[in-house]
Amino acid sequence: MRYERVLAAGRVLTADVLPAVVAVGILIGGSHGAENHLSQHRTPLDSFGYAILAGAGAAFVLRRHLPLLLFVIETAIAAAYFGRGYTYGPIEVAVAVAAFVAAVRIRRNLAVVVGALSGVAMVVGNLIGNDDRSASGLLADLAQLAWPVVPTVVGVLFAAAREARHAAQSEAKLREVDEERLRLAREVHDVVGHGLSVISLQSGVALHLLDREPEAARAALEMIRRASTEALDELRTTLALARDEAVPRAPVSGLGRLPGLVTEVRLCGLPVDVRVDDGDGPSGLPQEVDQVAFRIVQEALTNSLRHSGASRAEVIVRHAPQAVQIVVDDDGQLAGTATTADGHGLVGLRERAAEVGGWCRAGLAPGGGWRVEAWLPFERGTNPELR
């Protein structure tokens, strides 16, 4: 507790008292030096002048806590200073600094009003104390308007820019939260959707074969157990990544799992042919692209199982130097209607592809049936598209 009090006292000393002491020194020393250039129309400093200069410097102790009061005090002292006819000097700078500090810290409309009134007070003080009625003397009087007004305008603009920057940062954080929620929703949809589809189909097989072919029913139940275990493990990994920012966000799936996925779909009764064309491209994919590619194939085959009534499906993976193309065809008739009505699957695939700078589309295949096709570049901004 004692240490905290000492620390707080140190902050007050360095942030409040020390600037005020420096301001007193600058105001008195600078004004005294300005007397070397004293014109015939100005009055030499006396004890009252030095006293109000000291008060103007000491008032800077209010800079952090009462900026508006500081601005008012500096304006009043400056008006009195010039009303006595004292020489121009650092007091004008003190008003400018106080104007800027107040404009940054208080409401904009209040800052504008106080800044304008301060400018008027400065001009009136000069008119009272300056007996030079020539054009140059009047111009010097009017020039005092700029010392509080210009810093007020700059301070208001600075505060507005800072608020806009903070608003943009808050909006960016909210957008990141929304994107993370969307990413998590897609992961859960893909993991749970595929796992439940396999479980549903295999449970139907098991019920149908339980009495007549116990071994086949056992194999279906084993498939259910494996699919549910994999789905739960993948779901736990996804949720763990979402909770813990320190966990590396390595993808939980990739095309390396394609053989297992195809085996699951085949055991559910849908024959699937797989063709991988390495072409001129690398066999390995960037992790993010690899995950998106697998999810597209997984969702397309899941829709073929659930909605299309297809009797066969084909998966084509084509590699190129800067991209990979995914094509999933089936001979079903209802996949388009069901997927469009559901909405989440196809929309999620498009969003996934867009996140890596590619595209994904679904529609009728040229030879009949349904096609899901995606083009995924290894780097954003890659222009050539595979056809």
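Read on for a plain summary of the structure. (Residues numbered from 1 in each chain as written. Predicted model: local features only at pLDDT ≥ 70, side-chain atom pairs only at ≥ 80, totals over all residues. Heavy atoms only, no water.)

**Some remarks on the overall build of the protein chain**
A tally of helices and strands in the protein chain yields 12 helices and 5 strands. In the protein chain, which comprises 387 residues, the share counted as buried stands at 41%. Long-range pairs, those at least 24 residues apart, make up 71% of the contacts in the protein chain between residues at least 6 apart in sequence. (Helix = DSSP H or I, 4+ residues; strand = E, 2+ residues; numbered from the N terminus. Buried < 20%, exposed > 50% of the residue type's maximum accessible area, 1.4 Å probe, protein only. Contact = heavy atoms within 4.5 Å.)

**Some remarks on the packing of helix α3 (residues 67-83) against helix α5 (residues 108-129)**
Relative to each other, α3 and α5 sit at 15°, their axes nearing to 7 Å. Relative to α5, α3 is oriented roughly parallel. Seen along the crossing, α3 lies across α5 with a hand that is right-handed. Facing α3, whose interface residues are Leu68, Phe71, Thr75, Ala78, Ala79, Phe82 and Gly83, α5 presents Leu110, Val114, Gly115, Ser118, Ala121, Met122, Gly125, Asn126, Ile128 and Gly129. (Axes fitted to C-alpha atoms, helices over the stretch in contact; angles between N-to-C directions. Parallel < 35°, antiparallel > 145°, perpendicular 65-115°, else oblique. Left-handed = near helix turned anticlockwise from the far one by under 90°.)

**What to know about the pairing of strand β4 (residues 359-364)**
Alignment of β4 against strand β5 (residues 370-377), held across 6 bridges, turns out to be antiparallel. Counterpart to Arg361 in the pairing with β5 is Glu373. Between the end of β4 and the start of β5, which pair antiparallel, lie 5 residues, with Gly368 showing a positive phi angle near 100°. (Pairing = 2+ DSSP bridges.)

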